[in-house]
Every structure is written in C-alpha cells, then in structure tokens.
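So the chains spell out like this:
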Amino acid sequence: MERFDVIVIGSGALGSSTAFHLARLGRKVALLDKSDIASQTSARAAGLSGHLRQTEAMTKLSTYAVGKIERFSDETGEPIEFYQPGSMSCARRPEDAALIRERVAMGERLGISAELISPEEARARNPFLETKGILAVSYMKRDLYLEPVQLPRGYARAAAKLGATLIANTRVIEIVVENGAATRVVTDRGEFAAGTIVDAAGGWLRLVAALAGAQAPVVPMRHQLMITTPLAAVKSSQPVTRILDANVYVRPDRGGLMFGGYERDPMPYDRDKLASDFKIEDLELDLTVLRRLTDSVKDQFPIFQEHLDLQVHRGGLPTMTVDGEHIVGETPGVRGLYVIGGCNVGGLSVSPALGEMLSELITTGETSLDISRMSPSRFAAGIPEQELQERCRERYAKYYTFRIGQPPVRSAAAASA
Ligand SMILES: Cc1cc2nc3c(=O)[nH]c(=O)nc-3n(C[C@H](O)[C@H](O)[C@H](O)COP(=O)(O)OP(=O)(O)OC[C@H]3O[C@@H](n4cnc5c(N)ncnc54)[C@H](O)[C@@H]3O)c2cc1C
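Heads up: these notes are all about the structure in this document.

Quick notes on the rules
Residues numbered from 1 in each chain as written. Predicted model: local features only at pLDDT ≥ 70, side-chain atom pairs only at ≥ 80, totals over all residues. Heavy atoms only, no water. Pairing = 2+ DSSP bridges. Helix = DSSP H or I, 4+ residues; strand = E, 2+ residues; numbered from the N terminus. Axes fitted to C-alpha atoms, helices over the stretch in contact; angles between N-to-C directions. Contact = heavy atoms within 4.5 Å. Parallel < 35°, antiparallel > 145°, perpendicular 65-115°, else oblique. Nonpolar A, V, L, I, M, F, W, Y, C, P; charged D, E, K, R; others polar. Near = heavy atom within 4 Å. Polar contact = N/O pair within 3.5 Å; in protein donor to acceptor, adjacent residues only side chain to side chain. Areas by Shrake-Rupley, 256 points an atom, 1.4 Å probe, with all protein chains shown as cover. Left-handed = near helix turned anticlockwise from the far one by under 90°. Phe/Tyr/Trp six-rings, centres within 6.5 Å; stacked < 30°, edge-to-face > 60°. Buried < 20%, exposed > 50% of the residue type's maximum accessible area, 1.4 Å probe, protein only. Lys NZ or Arg CZ within 6 Å of the ring centre and 35° of its normal.

### Structural notes on the sheet that holds strand 7 (residues 136–140)
Across the sheet, eight strands lie side by side as 6-7-5-15-16-17-14-18; this open sheet has mixed pairing. Bordering the open sheet on either side are strand 6 (114–117) and strand 18 (310–316), each of which pairs with just one other strand. Here the average twist between neighbouring strands, direction ignored, is 20°. As judged from the six bridges shared by strand 16 (residues 248–253) and strand 17 (residues 256–261), these two strands associate in the antiparallel manner. Directly across from V250, in strand 17, lies its bridge partner F259. Contacting strand 14 (223–228), strand 16, strand 17 and strand 18, helix 8 (residues 287–296) runs over the sheet at an angle of about 70° to strand 14.

### Some remarks on the packing of helix 2 (residues 56–70) against helix 10 (residues 347–364)
Where helix 2 contacts helix 10, the two axes come as close as 7 Å, and the packing angle between them is 100°. Between helix 2 and helix 10, the interaxial angle falls into the category roughly perpendicular. Along the contact surface, helix 2 presents L61, S62, Y64, A65, K68 and I69, while helix 10 presents S349, V350, P352, A353, L354, E356 and M357. Here the contact of helix 2 with helix 10 is composed, by residue class, of nine nonpolar, two polar and two charged.

### Notes on the sheet that holds strand 3 (residues 48–49)
Spatially, 3-8-4 is the arrangement adopted by the three strands of the open sheet, whose pairing is antiparallel. Lying at the two open borders of the sheet, with one neighbouring strand each, are strand 3 and strand 4 (82–83). Most of the contacts of helix 2 go to strand 8 (residues 144–146), to which it runs at about 55°, and overall it touches strand 3, strand 4 and strand 8.

### Examining the site of the ligand
Around the ligand, the surrounding shell holds 36 residues, and the nearest of these are D33, S42, L48, G347 and S349. Within the contact set of the ligand, an oxygen atom lies 2.6 Å away from a side-chain nitrogen or oxygen of D33. If the ligand stood free it would expose 1000 Å²; the protein chains cover 97% of that surface. Among the secondary structure elements, those contributing two or more residues to the shell around the ligand are helix 1 (13–24), strand 14 and helix 10. Among the elements that line the shell around the ligand, the one with the most residues is helix 10, at three residues.

### A word on the packing of helix 1 against helix 6 (residues 150–161)
Put simply, helix 1 and helix 6 touch, their axes get as near as 8 Å, and they point 30° apart. In terms of orientation, helix 1 and helix 6 fall into the roughly parallel class. Handedness of the helix 1/helix 6 crossing: left-handed. Contact with helix 1, carried on its side by A13, S16, S17, A19, F20, H21 and A23, involves P152, Y155, A156, A158 and A159 of helix 6 and no other residues of that element. Classifying every residue of the contact of helix 1 with helix 6 gives nine nonpolar, three polar and no charged.

### Some thoughts on the packing of aromatic side chains
Geometry of an aromatic ring pair is reported as the spacing of the ring centres plus the angle between the planes. Enumeration according to the criterion identifies 12 aromatic pairs in this entry. Pairing Y269 with F278 gives two aromatic rings, centres 5.7 Å apart and planes at 50°, and the pair type is tilted. The class of Y269 is buried, set by a relative accessible area of 6%. Since its relative accessible area comes to 10%, F278 is described here as buried. Summarising the aromatic geometry, the rings of Y399 and Y400 are spaced 5.3 Å apart at their centres and angled 70° between planes, so their arrangement reads as edge-to-face. An aromatic cluster is built from Y249, Y262, Y396, Y399 and Y400, whose rings are joined through pairwise contacts. Against the face of F4 rests K28, its NZ or CZ located 5.1 Å from the ring centre. Over the ring of Y139 we find R125, and its NZ or CZ is 4.2 Å from the ring centre.

See below:
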C-alpha cells in the first residue's frame, strides 16, 4: 500500500491549495478526486474575489488571499489572468446603507482602500447600472475577478511539480480509524495510507467526514449564475456590482454580463439527494430562479429585461454553515483528520489563504493568521438537524446582509435539555 504524509480528498480550490502549500513545505502529498481534477463546484464559480468580509478576521484572510492571487504566478509558476476593476456594493434600504458605512469604516481601520461614492459615480463606472432607488454605494478599488478554474487547476499542477501525486477519478469510500486516529483511505481503486487525512470534499464534506465517524455540519445549497451573449457596451474594466438586499451580483464576462444571486427559497441538497457518485454536472438547474432575481433589480439593471440571450447557465453546490464561518481544522474525536470547507459561497476567493493556513496548522500546530473561529471543535456538541437546515437556508437567503455571530449556535444537547 502506497504511503503519504498527507492525503487530501477533493481537488477543488480548497483541496488543491492545501495540497500545494503542504507540498511546498516538503510533505509527500496525494491529491485524490472522484472526478477529474478541479472539475466540480470550483470550476463553476463566479470568480469574484474581494477584500471586505463580515468580520475583521475574515477580512484579513480575504485581503491576504487577494494578494496571493496577485502574486500567484510567482508563487506557483502557473499562469493566471485576472481583472482588477474593483467592486461596488449598492444599498437600496437605509439599513443596508448603514451596513455599507460600517464595512467601509472597517476597511479604513484595516488599511484597505474602501470608499463611499455617489450613485452617479457608480453609474459612470458601470453604465448598465441605473441610479433609481440607490441610497448609498461603496467602492473597493482593488477587488478583482477571474476565470475560477485557474486557481484549483493551477494549484494542483504546481503541487504536482513539487512532487505531489494527483489521483483523479478515484472515490474514497472508507476512512479507516485506528485507536482514535485516521490512518488510511479505501478507494474504489485501492488503498492509500497517511498520518494525516484532509477532507476537502466540498458539497460532499459531511458525507466524507461521516466515513470516519466525524462531523462536518454543513448544508450544500444550489447556487446558479448566467452569462448573457456579448453586448456592445461591456468592458472588462467595469467593476463587479452588487445590490445588497436583492443579493445579486453582476460582472463582465466573455463580452457579456454575468448575473448571479441568492434566492430567498434556496434548494438544499441533503444527504439523500447527494449520492456519493453524484457529480455537479448532474445538478438540476432552474433559470426561473435567476429570472426572478433579475426582476427584483429591474430598476437598477433594466438590461436583464431587454437582453435575454444567454451563452452560459451554470451552477454548483457550495456549502453553508450555521454561523457563516468556514470550517477549518482537526475534527474533534478523530486525530489526524482535518476538514477544510463550509465555504459559504466564498471558498474560491479565500482558498489561497485558507490552504496555506491549513498547511501551517498541520505542520506546526499554529497559523500566521487567526482562523480560531473556524475550528470544527465549535460543533463538537452537535447541532439539531432542523436547526442546521434552517440556519443554513437563512444564511444563504440573506447572503449580503447576514451578520455573523447572531444569534449564537445552540448545541444539540442544549436543544434537547
Ligand atoms: C455559481 C457559483 C458562483 C460562485 N461564486 C463564487 C465567487 O465568486 N467567489 C467565491 O469565492 N466562491 C464562489 N462560489 C463558491 C465556490 O465555488 C466554492 O466556495 C468553492 O468552489 C469550494 O471549493 P471546494 O474545494 O470546497 O469544493 P469543490 O470544488 O466542489 O471540490 C470538492 C471536490 O471533492 C471531490 N470529492 C467529493 N467526495 C469525494 C470522495 N468521496 N472521494 C474523492 N473525491 C471526492 C469532488 O469530486 C470535488 O472535486 C460560487 C459557487 C457557485 C456554484
């Protein structure tokens, strides 16, 4: 049986980044995937990468991640193409205008270039945006966007150049735990041993953790976007634009406009729907969800009422957590089994930073940036299934206006007391 220092299960953005950073630290790594490398949810993301997140700790991580994308080719030797026109967040309600001001103030505290601009200036930057109903706009000058597959593919290739073994189309069906420690994985193509195993299985995170009897309480949620056919006025220099209460984003792509968003009645993919041989290409898409979202911003983006032709409609299964924080670290109860997931639809952009932090945690027990709030141990007492489902749906449905940390998570034990 071949033996590695670390086996990473899942070659999306989070797994590939972890594998690369571990290989860079000299570890013998296997990166396993049941599909082709970097082919699932990560490849279907919108590719938005920004600085400001809900908390200071997450903002510091995201800022670090943007920097790593800027120097991606230097770090990995792999090509990357990205556009850096900044991003704008637009508020139509007074409470969202207040949220925007809070986040800009946080950016200023952390030395991040964030400013309030007028609706007219926002329109000058993005001519598809109408100012009707817009109360306030923030502008993040250095936010960027990119074709998403470049990150996981680049990290996987760079890991391989450093000696990592990429094992595609190989499904982990069992994680063997001996004396409380994960020791090897059984796949449909043989067994591999390792002192450390990383569950980076994206939408399957919870199922893979359960193979070792561990918990990773996330809910995979369908998320979709579409890209129109080319429009004359689209320029790659136009910033990513969000309407906060409508939970939608727009950016230039392939000469047309990408439109994506978070519906109020999302579709969770529970464990029954998500068979282990399910692939993202099997995901049922529903354009009416996106059409309802375009209707909700018809005053700000009338273009989506007039121009309906599409070149792309795609979706994937990001995972939500009850508290909006990612899940990164060693699982309580199974030594040597680490989890990196609970992406909350932000895993692609933060993957350069989180993969590096997990590689530090595995090799030294410490991280250079604070990820303590992401520890899986916060869920050690369990979460009642109904609460898990409800809170994750709520987190998704209020995507841009969700406030982390409220209300606090109740444990399964507390709920039954
Ligand atoms: C439409 C859309 C837009 C998005 N936009 C953005 C965005 O702009 N910015 C952003 O940061 N994020 C965005 N996201 C979210 C982002 O895609 C996710 O956060 C990210 O892809 C998560 O990466 P991952 O590595 O956890 O998952 P994945 O990319 O799904 O990788 C997990 C891998 O694990 C493998 N696997 C699962 N089970 C097993 C097993 N048993 N054995 C072996 N392998 C297994 C799977 O085959 C898969 O390849 C978007 C998502 C969607 C769907």
